[in-house]
Structures are given as C-alpha cells and as structure tokens.
Amino acid sequence: FLFCAMVGFFTRMFVSAYTCSRYMINDRLIGRVICICRTPIDYIKPSRYRLVNKDIVKLIKDQNKAYGTKCFGLGNLNKMKQINDGGKLISEMVKAD
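Let us look at the structure shown here. (Residues numbered from 1 in each chain as written. Predicted model: local features only at pLDDT ≥ 70, side-chain atom pairs only at ≥ 80, totals over all residues. Heavy atoms only, no water.)

1. Some details on the overall build of the chain
Then step 1. On a plain count of helices and strands, the chain comes out with 5 helices and 3 strands.
Then step 2. Traced from its N-terminal end to its C-terminal end, the chain shows the element sequence α-β-β-α-α-β-α-α.
Then step 3. A compact globule built from 97 residues should have a C-alpha radius of gyration of about 13 Å, and the chain, at 14 Å, falls within 12% of that.
Then step 4. Dimensions along the principal axes, computed over C-alpha positions, put the chain at roughly 45 × 25 × 25 Å.
Then step 5. Counting over 97 residues, the chain shows a buried share of 32%.
Then step 6. Of the roughly 6800 Å² that the chain leaves accessible, carbon and sulfur atoms contribute 60%. (Helix = DSSP H or I, 4+ residues; strand = E, 2+ residues; numbered from the N terminus. Rg over C-alpha atoms; globule rule 2.2 N^0.38 Å. Buried < 20%, exposed > 50% of the residue type's maximum accessible area, 1.4 Å probe, protein only. Areas by Shrake-Rupley, 256 points an atom, 1.4 Å probe, with all protein chains shown as cover.)

2. With respect to the layout of surface pockets
Then step 1. For the largest pocket, the calculated volume is near 240 Å³.
Then step 2. Sorting the residues of the lining of the largest pocket by element identifies helix H3 (49-67) and helix H5 (88-96) as the ones contributing at least two each.
Then step 3. Here the lining of the largest pocket gets 4 residues from one element, more than from any other, and that element is H5.
Then step 4. Across the lining of the largest pocket, the residue classes tally to 5 nonpolar, 4 polar and 4 charged. (1 Å grid on protein atoms, 1.4 Å probe; cavity = no way out; pocket = protein on both sides within 12 Å on 5 of 7 lines; lining within 4 Å. Points joined across faces, edges and corners; volume = space filled by probe spheres on them. Nonpolar A, V, L, I, M, F, W, Y, C, P; charged D, E, K, R; others polar.)

Shown next, in the form of structure tokens:
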C-alpha cells in the first residue's frame, strides 16, 4: 500500500485527471467521461472520500469552463455508494457551487 500511495502522489504532481471519449445524448448534448488520478487506497479509506469528491467537482468545473461540457460520466469507482451515494452527492456539490 505504501508503494501505491507513493506512485499516486508522484502521478498527481504532474497529472490530476484525464478525460476519455465523448458521447452523444439524445442527439442534443455532448457528454464526456472523466477520470481523476487516485489510488485504490483513496476508494477504500472513508477519510479520503471527501478529497475524491472534491477532485471530481473541480474537474467538472474545469471541463465546463474550458469546453462548455455539462454532462459527465464518472466511471464505476467514482460513483460508488460509499463515496458519494452513486453520484448524488457530486450533483449536490456542483449545484451548491
């Protein structure tokens, strides 16, 4: 676990997130799959859930500001029930910001 934490730390020094493919929603909207650079430890330890959610919201804000994207796919680990209630908490955090 220590090795994994070190790799994650050094990775986040250079890259905090990456984006994947775009997708069309009802022939009207374009969405984007977004991923944050986190280690498995971040998804296991409840004390790190807040940091994961904060990174997701920051990435959503950055993508919206840079490209106008309004629809996002979070991926399986980023919408776990334990971390953010299946993405519900992320929606609330974005609306509150």
